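Spelled out, the chains give:
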Amino acid sequence: MAAEVFVLIGPPGAGKGTQAQMLSDGRGWTHLSSGDLLRAASDPQVLATMQQGELVDSATVESAVGRAIAAVPDDQPIVLDGFPREMGEAEWLDEALVKYGRSVTKVIKLTVDQDEVWNRLQERGRADDTPGSLSERWKEFEDQSLPVAEHYAELGLLTEIDGEGSPDDVAERIAEALA
Ligand code: AP5
């Protein structure tokens, strides 16, 4: 049987990357971050879009994520961080996974207060951690990604987890949800 696919959804700074990496370190799952894949491609136009906090066009993201999924052995669980984040990407993912005999197993939505996020991102200081980009990313999350969370809730796959507290606290809540 092909291995599982877990999806982490949440606003910017919710801790998706941190928790995906902890799942990867702790359980050996493959962590695929759409943001990291796009940053690694170093396309100036894509990087400019990211810096503004706008969504990169889906074809570009799907191509990067598709290549990354194809490189994962069939028996290896995957944790997707930041993808899908709009409905077209969710539909693309469902179809793309069929090829590998996979489907989305479980979706974790991390919730965090916007003030807490701002504190976290100011401390991190990535190129797109500016007030303008953060407010655009937050808006994109509410407009484009919340419908994705609702879609997975309708399929009975979504668990909402409080993303505040220490990374270990959040990891413990996720572990309970995955048990
Ligand atoms: P992406 O890189 O995915 O950025 P994001 O979604 O805005 O998320 P962040 O990385 O800011 O936050 P996170 O939730 O992963 O939190 P993290 O663990 O890093 O995407 C960047 C851009 O790429 C998008 O704006 C878009 O342009 C484009 N893009 C990406 N995917 C796309 C897609 N599917 N479609 C279209 N465009 C796409 O934590 C943040 C900070 O907080 C860190 O410093 C961390 O150490 C700290 N922290 C984490 N957890 C805690 C905690 N519990 N307590 C205290 N600090 C914590």
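Data block above holds the structure.
Let us look at the structure shown here. (Residues numbered from 1 in each chain as written. Predicted model: local features only at pLDDT ≥ 70, side-chain atom pairs only at ≥ 80, totals over all residues. Heavy atoms only, no water.)

## Overview of helix H2 (residues 34-41)
For the record, the criterion: The rule is simple: take the accessible area with a 1.4 Å probe, protein chains only, and divide by the maximum for that residue type; under 20% is buried, over 50% is exposed, in between is partly exposed. Note on conventions: DSSP H or I runs of at least 4 residues are helices, E runs of at least 2 residues are strands, and numbering of each starts at the N terminus. It is the directions from the helix axis to the C-beta atoms whose arc is reported. Throughout, a contact is declared for two residues whenever any of their heavy atoms are within 4.5 Å.
Turning to H2, its buried residues are Ser34, Gly35 and Leu38. Projected onto a plane normal to the axis of H2, the buried residues spread over an arc of 100° and lie on a single side. Tucked into the core, H2 has its buried residues touching strand E2 (30-33), helix H3 (44-52), helix H4 (58-70) and strand E3 (78-81). Trailing H2 by a residue or two, Ser42 shows a phi angle of about 55°, which is positive.

## A closer look at the packing of aromatic side chains
Quick reminder of the rule: Side-chain rings of Phe, Tyr and Trp, where Trp is taken by its six-membered ring, are said to pair if the distance between their centres is within 6.5 Å; with planes under 30 degrees apart they count as stacked, over 60 as edge-to-face, and otherwise as tilted.
For the structure shown, the criterion picks out two aromatic pairs. Ring plane angle 0° and centroid distance 4.2 Å describe the contact between Phe6 and Trp29, whose orientation is recorded as stacked. With a gap of 23 residues between them, Phe6 in strand E1 (residues 5-9) and Trp29 in the loop between helix H1 (16-27) and E2 connect regions that are remote in the sequence. Overall, Phe6 belongs to the buried group, its relative accessible area being 9%. Taking relative accessible area as the criterion, Trp29 reaches 9% and is therefore assigned buried. Seen from their ring centres, Phe83 and Trp92 are 5.7 Å apart, and the 90° between their planes marks the pair as edge-to-face.

In short, the description is geometric, and any link to function would need to be established separately.
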